[in-house]
Amino acid sequence: MEENIVKQEIAMVFLVKFALLVILIEKNQLEQRKLSMKILGIGNAIVDVICKVDENFINQNKLTKGTMKLIFDDKEFQSMLSNLNIEKTISGGSVANSIVGLSQQGNKVGFIGKVNDDDLGNKYEDGLKSENVEYFYSKKKENLPTGTCLILVTPDSERTMCTFLGTAGKISENDVNSEVIKQSEMIFLEGYLWDEGEPKKAFEKAINNANKVAMSLSDQFCVDRHKTHFLELVENKLDITFANEQEMMSLIDAREFKDVIEFGKNLKKLIVITRGEKGAISILGNEITENGVEKNLEIKDLTGAGDLFAAGFLHGYLNNLNPVECLNKGREMSSKVIQQIGARL
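Residue positions within a chain follow its written sequence, with the count starting from 1. In keeping with the predicted nature of the model, local features appear solely for residues at pLDDT of at least 70, side-chain atom pairs appear and are counted solely at 80 or more, and the whole-chain, interface and lining totals rest on all residues. Side-chain calculation: all heavy atoms of the structure are included, whereas hydrogens and water are not.

Engineer: Tell me about the packing of aromatic side chains, and please be specific about residues and values.
Structural biologist: One pair of aromatic rings is described through two measures. These are the centre distance and the angle between the planes. The criterion for an aromatic pair is that two Phe, Tyr or Trp rings (for Trp, the six-membered ring) have centres within 6.5 Å, with stacked assigned to planes under 30 degrees apart, edge-to-face to planes over 60 apart and tilted to the rest. Summed over all chains, the structure comprises nine aromatic pairs. With 5.2 Å between their ring centres and 85 degrees between their planes, tryptophan 194 and phenylalanine 203 make a pair best called edge-to-face. The residues tryptophan 194 and phenylalanine 203 share a single accessibility class, namely buried. Plain terms: the ring middles of phenylalanine 242 and phenylalanine 313 are 5.7 Å apart, the flat faces sit at 85 degrees to each other, and that makes the pair edge-to-face. Of the two residues, phenylalanine 242 is situated in strand β11 (residues 240–244) and phenylalanine 313 in helix α12 (residues 305–318); the sequence distance between them amounts to 71 residues. Accessible area is worked out with a 1.4 Å probe on protein chains only. A residue is then buried under 20% of its type maximum, exposed over 50%, and partly exposed in between. Strands are runs of DSSP state E lasting at least 2 residues, helices are runs of H or I lasting at least 4, and numbering of each runs from the N terminus.

Engineer: Account for the nonpolar core, with residues named and values stated.
Structural biologist: Membership of the largest hydrophobic core comes to 51 residues, with the highest contact counts inside it found for Ile42, Leu189, Leu217, Phe230 and Met248. We call a set of buried Ala, Val, Leu, Ile, Met, Phe, Trp, Tyr and Cys residues a nonpolar core when their side-chain atoms join them within 4.5 Å. Counting 36 residues, the second largest nonpolar core, distinct from the first, contains Met186, Ala310, Ala311 and Phe313.

Engineer: Give a description of the confidence of the model for the protein chain that names residues and reports values.
Structural biologist: Values of pLDDT, which run from 0 to 100, indicate the predictor's confidence residue by residue. On average, residues of the protein chain score 89 in pLDDT, and 90% of them reach the 70 mark or higher. Residues count as neighbours in contact if any of their non-hydrogen atoms are within 4.5 Å of one another. Confidence drops under a pLDDT of 50 for residues 26–33, and excluding neighbours within four residues, the segment shows zero contacts in the predicted structure.

Engineer: Residues and numbers for the pattern of salt bridges, please.
Structural biologist: Any Lys or Arg side-chain nitrogen found within 4 Å of a carboxyl oxygen on Asp or Glu counts as a salt bridge. Applying the stated criterion to the full structure yields 17 salt bridges. Taking the shortest distance from any N to any O, the salt bridge between glutamate 125 and lysine 139 comes out at 2.3 Å. Here lysine 139 lies in the loop between β6 (133–135) and β7 (147–153) and glutamate 125 lies in helix α5 (residues 119–129), a separation of 14 residues in the sequence. Lysine 329 serves as the salt-bridge partner of glutamate 332, at 3.1 Å between the closest nitrogen and oxygen. Taken together, the residues span about one helical turn, with glutamate 332 and lysine 329 both in helix α13 (residues 323–337) at a distance of three residues. One connected set of salt bridges, linked through shared partners, spans Glu55, Lys65 and Asp156.

Engineer: Now, about the sheet that holds strand β8 (residues 159–164): what can you tell me, with residues and values included?
Structural biologist: Backbone-to-backbone hydrogen bonds pair the strands of a sheet. The strands run either parallel or antiparallel. What makes two strands pair is DSSP finding at least two bridges between them. Read from one edge to the other, the open sheet built from five strands follows the order β3-β8-β7-β2-β4, with strand pairing classed as mixed. Two strands in the sheet have a free side with no partner beyond their single neighbour: β3 (68–70) and β4 (86–92). Pairs of neighbouring strands in the sheet enclose a mean axial angle of 20 degrees, with direction left out of account. Here β3 runs beside β8; their pairing, made up of three bridges, is parallel. Following the sheet pairing, lysine 69 is matched in β8 by cysteine 162. Each axis is a line fitted through C-alpha atoms, and for a helix only the stretch in contact is used; angles between axes span 0 to 180 degrees, taken between their N-to-C directions. Of the strands in this sheet, β2 (46–52), β4 and β7 are in contact with α5, which crosses β4 at around 70 degrees.

Right under this line is the structure:
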């Protein structure tokens, strides 16, 4: 009798442990299924104002063609804008452009970026929603207006940017929802967003809660300004780094491009570099993959080339395509966008 009771107790303990194991397995599977997004972008929420200018305008305003200049005075920005004819106004921002491109490829995506509760802020949010991008930010009245980027397109199709960040540059860790980040397979950050103080805290919170992290170095101006921090991110925090040739060479103080390749091989993390007319290259340890550019394109505006290249590459990466296919998808999307005005397809 006692022996039967003991056997029953042993069986009961086993069943309880088995049931707990099943619950834990189901909970883990449920958590994995809950990853509701392929990718979440975190970046400057900027409204792009596109204008065609001649070379004289660039020189007269002491701008460096092909780069981005930060303007901290709203009056200076409005004064420059008042002398121009606006071609197009659209919701922009580097990472936001990439995220919209990923959405257009059928990926479930989201975006976090700070806007003011003003007319441009409302248009910005509506622009994302119209592209099936889930916007994870509740706008409110701020001291600064929604950020604006003046994109000056010269006859050679090169773009020079003057950016008034407005409230976009005031993003803080309170604006970044860690639970939303955990529900995405990957986050995508932009170097434009990085700055000391609150933006840096927002960056760190995002990285610390992410499953995987990709980042664009954005601009040589950003690289030169934050070189030490960016190098630490590339070496220790990022899973994928996007850059153009100049940005990457500046980051590691390379004299020749072969120095970049050697750096990438030793890093053993994925680096994706666009090289203008030389095409693009991805480096992951000793696996080096290159592709060329499409020929005979009617180029109108290079504004979104890097953003849409990143979108295409990340689409391939997130959907398990091989490196050649990822590079080719990046080339396909960037080739399309540079044959139109604006940074979105």
